[in-house]
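Chain by chain, the residues:
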Amino acid sequence: MEVLCGARAAVWIVLISVSGGLKAEDGGGGGMEELVTEKEAEESHRQDSVNLLTFILLLTLTILTIWLFKHRRVRFLHETGLAMIYGLLVGVILRYGIPATSYHNKTPLSCSLKEGPSSTLLLNVSGKFFEYTLKGEINSREIHNVEQNDMLRKVTFDPEVFFNILLPPIIFHAGYSLKKRHFFRNLGSIITYAFLGTAISCFVIGNLMYGVVKLMQVVGQLTDKFYYTDCLFFGAIISATDPVTVLAIFNELHADGDLYALLFGESVMNDAVAIVLSSSIVAYQPTGANTHKFDAAAFFKSVGVFLGIFSGSFVMGAATGVVTALVTKFTKLHCFPLLETALFFLMSWCTFLLAEACGFTGVVAVLFCGITQAHYTYNNLSEESTKRTKQLFEVLHFLAENFIFSYMGLALFTFQNHIFSPIFIIGAFMAIFIGRALNIYPLSFLLNLGRRDKIRGNIQHMMMFAGLRGAMAFALAIRDTATYARQMMFTTTLLIVFFTVWVFGGGTTPMLSWLHIRVGVDPDQDQQPSGDSFQVLQGDGVQAEGQSKTKQESAWLFRRWYTFDHNYLKPILTHSGPPLTSTLPSYCGPLASCLTSPRAYENHEQLGDPDSELIHDAADLTFMFGDTAIMANGADAAGGPGWSANGKRSGSTSEEALERELDSREQELLSRGTRLVFPVEDNV
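Residues numbered from 1 in each chain as written. Predicted model: local features only at pLDDT ≥ 70, side-chain atom pairs only at ≥ 80, totals over all residues. Heavy atoms only, no water.

Asks: I'm lost on the packing of aromatic side chains in this one. Help?
Replies: What characterises a pair of aromatic rings is the spacing of the ring centres plus the angle enclosed by the ring planes. Summed over all chains, the structure comprises 30 aromatic pairs. Centroid distance F306 to F310: 6.2 Å. Interplanar angle 20°. Geometry classified as stacked. Note that F306 and F310 are positioned in helix α11 (residues 296–330) at a spacing of four residues, about one turn of the helix. Given the relative accessible area of 14%, F306 is considered buried. Residue F310 is classed as buried on the basis of its relative accessible area, which comes to 12%. Ring pairs connect the aromatic residues F55, F162, F403, Y407, F415, F474 and F490, which therefore count as one cluster. The ring centre of Y176 lies 4.7 Å from the NZ or CZ of K390, which sits over that ring. Of note, R479 hangs over the ring of F163, and the distance from its end group to the ring centre comes to 3.8 Å. (Phe/Tyr/Trp six-rings, centres within 6.5 Å; stacked < 30°, edge-to-face > 60°. Helix = DSSP H or I, 4+ residues; strand = E, 2+ residues; numbered from the N terminus. Buried < 20%, exposed > 50% of the residue type's maximum accessible area, 1.4 Å probe, protein only. Lys NZ or Arg CZ within 6 Å of the ring centre and 35° of its normal.)

Asks: Where do I start with the confidence of the model for the chain in this structure?
Replies: Low pLDDT marks regions whose predicted coordinates should not be analysed in detail. Across the chain, the average pLDDT comes to 75, with 69% of residues at 70 or higher. Throughout residues 1–27 the model reports pLDDT below 50, and contacts reaching past four residues in sequence, or to other chains, amount to 52 contacts. Every residue in residues 527–554 scores below 50 in pLDDT, and together they form 57 contacts with partners more than four places removed in sequence or on other chains. (pLDDT = per-residue confidence, 0-100. Contact = heavy atoms within 4.5 Å.)

Asks: So what exactly am I meant to see when it comes to the nonpolar core here?
Replies: The tendency in soluble globular proteins is for nonpolar side chains to be buried as a group. M209, F226, F234, F250, Y407, M462 and F474 are the most contacted members of the largest nonpolar core, which has 128 residues in total. In contact with M462, not counting residues within four places along its chain, are V246, F250, L259, T508, M511, L512, L515 and I517. (Core = buried A, V, L, I, M, F, W, Y, C linked by side-chain atoms within 4.5 Å.)

Asks: How should the packing of helix α7 (residues 187–219) against helix α10 (residues 257–282) be read in this particular structure?
Replies: Helices that pack against each other are described as a pair by the angle of their axes relative to one another and the distance between those axes. Running from N to C, α7 and α10 point in directions that differ by 45°, and their axes come no closer than 8 Å. When the interaxial angle is binned, α7 and α10 end up oblique. Note that α7 runs across α10; the crossing there is right-handed. Across the interface between the two elements, S189, I190, Y193, A194, F195, T198, A199 and C202 from α7 touch A261, L262, G265, E266, M269, N270, V273, A274, L277 and I281 from α10. Grouping the amino acids of the contact of α7 with α10 by side-chain chemistry returns 13 nonpolar, four polar and one charged. (Axes fitted to C-alpha atoms, helices over the stretch in contact; angles between N-to-C directions. Parallel < 35°, antiparallel > 145°, perpendicular 65-115°, else oblique. Left-handed = near helix turned anticlockwise from the far one by under 90°. Nonpolar A, V, L, I, M, F, W, Y, C, P; charged D, E, K, R; others polar.)

Asks: Hey, could you run me through the pairing of strand β3 (residues 120–125) in this one?
Replies: The side chains of a regular strand alternate between both faces of the sheet. As judged from the six bridges shared by β3 and strand β4 (residues 128–133), these two strands associate in the antiparallel manner. Within β4, the residue paired with V125 across the bridge is K128. In sequence, β3 turns back onto β4 through a hairpin of two residues, with S126 there showing a positive phi of about 55°. (Pairing = 2+ DSSP bridges.)

Asks: Please explain the side chain of T574 as it appears in this structure.
Replies: Relative to the helices and strands, T574 is located in the loop between α20 (556–573) and α21 (580–583). A polar atom in the side chain of T574 sits 2.6 Å from the backbone oxygen of K570. If we ignore the near neighbours within four places in the chain, the residues touching T574 are K329, Y376, N379 and N380. (Polar contact = N/O pair within 3.5 Å; in protein donor to acceptor, adjacent residues only side chain to side chain.)

Asks: How should helix α17 (residues 471–478) be read in this particular structure?
Replies: Two residues of an α-helix separated by three or four positions point the same way, owing to the 3.6 residues in each turn. When you tally the buried positions in α17, you get eight out of eight residues, the bulk of the element. Within α17 the residues assigned to the buried category are A471, M472, A473, F474, A475, L476, A477 and I478. In the core, the buried residues of α17 are packed alongside α5 (159–176), α8 (228–238), α10, α13 (362–380), α14 (383–414) and α18 (484–506).

Asks: Please explain the packing of α11 against helix α12 (residues 337–357) as it appears in this structure.
Replies: Where α11 contacts α12, the two axes come as close as 10 Å, and the packing angle between them is 160°. When the axes of α11 and α12 are compared, the pair comes out roughly antiparallel. For the pair α11 and α12, the sense of crossing is right-handed. Of the residues in α12, those in contact with M316, G317, T320, V323, T324 and V327 of α11 are L343, F344, M347, T351, L354 and A355.

Asks: I tried to follow empty space enclosed by the protein on my own but got confused; where do I start?
Replies: Empty space among the atoms becomes visible once a probe the size of a water molecule is rolled across them. In this structure the tally under the stated criterion is four cavities of 30 Å³ or more. Of the voids in this model, the largest cavity is the one considered here, and its volume is about 70 Å³. Taken together, 11 residues form the lining of the largest cavity, with D256, D258, K454, R456 and I459 sitting closest to its centre. With three residues, α10 is the single largest residue contributor to the lining of the largest cavity. Looking at side-chain class alone, the lining of the largest cavity contains four nonpolar, one polar and six charged residues. (1 Å grid on protein atoms, 1.4 Å probe; cavity = no way out; pocket = protein on both sides within 12 Å on 5 of 7 lines; lining within 4 Å. Points joined across faces, edges and corners; volume = space filled by probe spheres on them.)

Asks: How should the pattern of salt bridges be read in this particular structure?
Replies: Pairing between side chains becomes possible if they bear opposite charge and their charged atoms approach one another. Taken as a whole and judged by the stated rule, the model has seven salt bridges. Residue E356 pairs with R479 through a salt bridge whose shortest N-O separation is 3.8 Å. Taken together, the positions of E356 in helix α12 and R479 in the loop between α17 and α18 put the pair 123 residues apart, joining distant regions of the chain. Residue classification places R479 among the partly exposed residues on the basis of a relative accessible area of 34%. Across the salt bridge formed by E384 and R388, the nearest N and O atoms sit 2.8 Å from each other. Here R388 and E384 lie together in helix α14, a separation of four residues that amounts to about one turn. (Salt bridge = Lys/Arg side-chain N within 4 Å of Asp/Glu carboxyl O.)

Asks: What exactly am I supposed to notice about helix α9 (residues 244–253) here?
Replies: Here α9 lies mainly inside the structure; seven of its 10 residues are buried. Listed as buried for α9 are V244, T245, V246, L247, I249, F250 and L253. Looking at the buried positions of α9, the neighbouring elements they touch are α3 (79–97), α10, α14, α16 (457–465), α18 and α19 (508–514). Downstream of α9 by a residue or two, H254 has a phi angle that is positive, lying close to 55°.

Rendered as C-alpha cells:
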C-alpha cells in the first residue's frame, strides 16, 4: 500500500497493487462485483426501511400508551419518560438480541498516520478509482462483528438530523404558542434566570467538574485528556433545562400561572443561551503554546462572539417574521389557505437553516421568529390557516420531541463509544444540583427586592425541583462525540436526562401538593394572592385582601414599547391597530395611506387589542381612532372630551361606533389609574 499525499490532505489517494491484498479479476468486473452488488444495495435499503419502521412503531406504541395513561389519569410517568423506556427496550434487543454475524475473515489493512483519519478515501484498484467515506471508529474487540456494527451505526442518526429537522419545530412551537400575558408580566425575571442564571450554572458546574476531573486524575481513572474548557463546555450544555414533563402536568392541572410562565420562559430562553454559550466556549482559543490556560484577550473575544451570535440570530429571526407578516398582509394569500399555510411553514423553517448557514444559531432565530409570527403574522392569516398552523406545529412538536426521547433510550445501547465513569457521573449529578440552587435562590432573592408580587419560597423550591434536562442537552452532547472527553460527556448527559425525567418528572404531582402550590387556576385570570375572589373599589376606596397590580410591576420600557407597537408596528405589519393616517404626522400622509390596510378602517375592535391586558398601568397608553386620541384613563389626549371607564362619553365626538364597541365590552374597574379587567359576578 502506498500513500501518495500527505496526512494533512482532506482526501487520501491509495494505490493497491494487483499482487497486494486485493486482486482484480480479469477484465476488472469481479472486483467491482465484490465491492458493490445489487444484492447488497437491496439489503441495505431493506435495513434502512426496517430502522425507520422501528421508530414509527415506537411512536405509535407511545401514543397508544399515552391515551391509556390519560384515560386512567396516570401522572407518575409522562409521555417522554414512556418513550425513553420503549427506546431502551428496543436498544437492548438490537444490541444483545440479534446474533452477530461476520463476513470479515481477513486481517484488515494497516497503515501509520501522523494525524487523524480523513473523511474520504480514494482507492486505486488496477486503474479503477473507488471512493470510501468514514463511518466511524470500530472497537478493537468487535473487529470481527462488522455487520452488527454496521447495523448499530444505521440506527445511530447523524447529529445534524436533530439540529436541522427535529429541533426547529420544537423551538418554533415554544415561541408560537407563548402565553404572552404571564410571559411579559414576568419578562424581567425570565431574562434574569435565563441569561444570568444560565451563566452562573455553567461556571459553577464547569469549575466543580474540573475538580472532579483532577480527582479522577489523582486516582488514575482518567485515561485521556480532559481540559478546563471541556468542563466549561459540559457546564454549558447541561445547563439547558427542558422541564417538558413538569410543564405538561402544570398545564393539565392548571397550576399557578406565574409559576408556569417562569419555568416555561426560563426553559425556552436558556436553551438559546446555552447553545450560544457553548459556541462561545468552543471559540475560546488563547494564543501561545498552551491553548488551555486563561487568556484575557481570548475571554473577551468569546464574550463578543456570544453577544454577536445572539444578537445576530435575534435580528434574523425577527426579520424573517416581519417579512412573512408583510407578505401575508399585502398579498391575497388568505383566499388560498393551503398556500398560505405552506408559505408560513416554509418561511418559519428556513429561519433556522438561514441562521445556521450564516454562522448564527438557528435555535435563537427560530424562537424569536415564532414569537414574531404569533404577534404579527398570525393576525393576517385566514381563520382556516390560523387553526392549521397551530395544529401543524403542535403535531410536529409532539412527534419530534417523542422521537428524540425514544432515540435517547435507544442510544444508550446502540452508541458504540460510551465511556462510563462513576466518579464523573456522581460528580455531575452533584454539580447540577448545586449549580441549580446557586441559580434559583440568590437570583430570586435579588428579584424580590424589586418585585411587588414576590416569588414565594414554595415557587422557588418548585423551580429548583423542575430543573429537568432533556432534548436540548442531548442534542448538544451528541453533536460532537469524537474525543474522549466528549464521549464521557455524552454518556453522562444521557444518564442525567433519564434520571431527571423519570424521578423529578414523576414526582411533580406529589411535589405540588407538598409545597401547597395552587392548581385549578384559570390561566386567563390574573393570580391574586388573597385566594379565590376579591373586589376592587374605584377611587380612594379600600380594596380587599388582594391588592391590585401597580405600574411598578409593568416595566416602563415595556409600556413604552407597547404604545409604539400598537400605534405604528401593528398597523404596518398587520390588518389590526389604528390606521397609520391617524398616528403618523400629516406630512407622512401618502406613505401612511400606502401602508395602511383597507381592513384597518373597517376594524371596529382595534381598541380591544388583546395585548393591552399585559399592561397593568394603562395611564400612559394612547389609542388613536380617526381624529380622536383616547387616553386609557378616560381623557382625550388633546384635553377635550374623552371616555369614561364604562364607555360613556364625557363630551361629544363623532365616533358612534366606538361608543357601541366600548359599551359592549366587559365592565372595567379602575383604581388610581391602574386598570383591572374582571367579569363581574352576581354576588359582588
